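Here is what each chain is made of, one letter per residue.
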Amino acid sequence: MIEETLLEAEEKMEKAVAVAKEDFASIRTGRPGPATFNRITAEYYGTQTPINQLASFQVPEPRMVVVSPFDKGSAQAIEKAIRDSDLGVNPANDGNVIRVVFPELSEERRKDYVKVVRSKAEDGRVSIRNVRRHAKDSFDKAVKQGEIGEDEGRRAQEELEELTHKYVAEVDELLKHKESELLEV
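Residues numbered from 1 in each chain as written. Predicted model: local features only at pLDDT ≥ 70, side-chain atom pairs only at ≥ 80, totals over all residues. Heavy atoms only, no water.

A closer look at the pairing of strand 4 (residues 64-69)
Inference 1: Taken across its six residues, strand 4 has six buried, putting it largely inside the fold.
Inference 2: Side chains Met-64, Val-66 and Ser-68 of strand 4 all project onto a buried face; the interleaved residues Val-65, Val-67 and Pro-69 project onto the opposite face, where all are buried too.
Inference 3: In the sheet, strand 3 (residues 55-61) pairs with strand 4 via five bridges, with the strands oriented antiparallel. Bridged to Phe-57 within strand 4 is Val-67.
Inference 4: The turn linking strand 3 back onto strand 4 is made up of two residues.
Inference 5: As defined by bridge partners, strand 4 adjoins strand 6 (residues 98-101) across four bridges and the pair is classed as antiparallel. Across the sheet, Met-64 pairs through a bridge with Val-101, a residue of strand 6. (Buried < 20%, exposed > 50% of the residue type's maximum accessible area, 1.4 Å probe, protein only. Helix = DSSP H or I, 4+ residues; strand = E, 2+ residues; numbered from the N terminus. Pairing = 2+ DSSP bridges.)

See the structure below:
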């Protein structure tokens, strides 16, 4: 019972770190990449579809991304979705490809992005702590019902605490890396 709960908690903590990593990837730094477009969806045959499923992305220059739609008919929808997103860019559509030129990030915009990244990191930490709390509750419940002894419960909680520290440290490391990436000029 203890191993199952710890394994389940570890899986959920790994997922929380993966979500934080995805969130960080979607926040653009000085050099945009395909991950910048991960959260943008366009209407395609009446369905909201992620544009990374509708097109391929190339980065020919440090601040330019060329979006090549698989279906040329979807180019208008992709262009509109990019324009309406929170990226703050104005894409140029020549009928075959969509060129997205990203402006240089101002110091103020970089600081705003750092705040967003810190907020997403805190969300990751909170979800890891929630996993810890649920696992701890199940250990406490098992001790109360006599399924496991108090010593086993205490040891399991110590292992759980170590897991929590490990995954919170991973989120902190991701945050540190992303902050340095954002603030480098």
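There is more to say after this.
Considerations on unusual backbone geometry
Inference 1: Residue Tyr-45 is not a glycine yet carries a positive backbone phi of 50°.
Inference 2: As for its position among the elements, Tyr-45 is in the loop between strand 1 (41-44) and strand 2 (47-50).

Focus on helix 1 (residues 2-26)
Inference 1: For helix 1, which comprises 25 residues, the first-to-last C-alpha distance of 36 Å matches the rise-based estimate of 36 Å (1.5 Å per residue) to within 8%.
Inference 2: Residues Ile-2, Thr-5, Leu-6, Ala-9, Met-13, Ala-16, Val-17, Ala-20, Asp-23, Phe-24 and Ser-26 constitute the buried set of helix 1.
Inference 3: On its buried face, helix 1 is in contact with helix 3 (107-144) and helix 4 (150-183). (Expected span 1.5 Å × (residues − 1). Contact = heavy atoms within 4.5 Å.)

Points about a negative patch on the surface
Inference 1: The grouping of Glu-3, Glu-4, Glu-158, Glu-159 and Glu-162 at the surface amounts to a negative patch.
Inference 2: Elements that contribute at least two residues to the negative patch include exactly helix 1 and helix 4.
Inference 3: Ranked by the residues each element gives to the negative patch, the list is headed by helix 4, at three residues.
Inference 4: Structurally, Glu-159 is set in helix 4.
Inference 5: Under the relative-accessibility criterion, Glu-159 is labelled partly exposed at 41%. (Patch = residues over 30% accessible without salt bridge, like charges linked within 9 Å, V, L, I, M, F, W, Y side chains within 5 Å. Areas by Shrake-Rupley, 256 points an atom, 1.4 Å probe, with all protein chains shown as cover. Salt bridge = Lys/Arg side-chain N within 4 Å of Asp/Glu carboxyl O. Lys, Arg positive; Asp, Glu negative; His and termini not counted. Charge placed at Lys NZ, Arg CZ, Asp CG, Glu CD.)

Some points on the pattern of salt bridges
Inference 1: Taken as a whole and judged by the stated rule, the model has 15 salt bridges.
Inference 2: In this structure, Asp-172 engages Arg-125 in a salt bridge whose closest nitrogen and oxygen atoms are separated by 2.7 Å. With Asp-172 in helix 4 and Arg-125 in helix 3, this residue pair connects regions lying 47 residues apart in the sequence.
Inference 3: Judged by its relative accessible area of 32%, Asp-172 is partly exposed.
Inference 4: In this structure Arg-125 comes out as buried when scored by relative accessible area, which is 12%.
Inference 5: A cluster of three or more residues bridged by salt bridges with shared partners is formed by Glu-122, Arg-125, Arg-129 and Asp-172.

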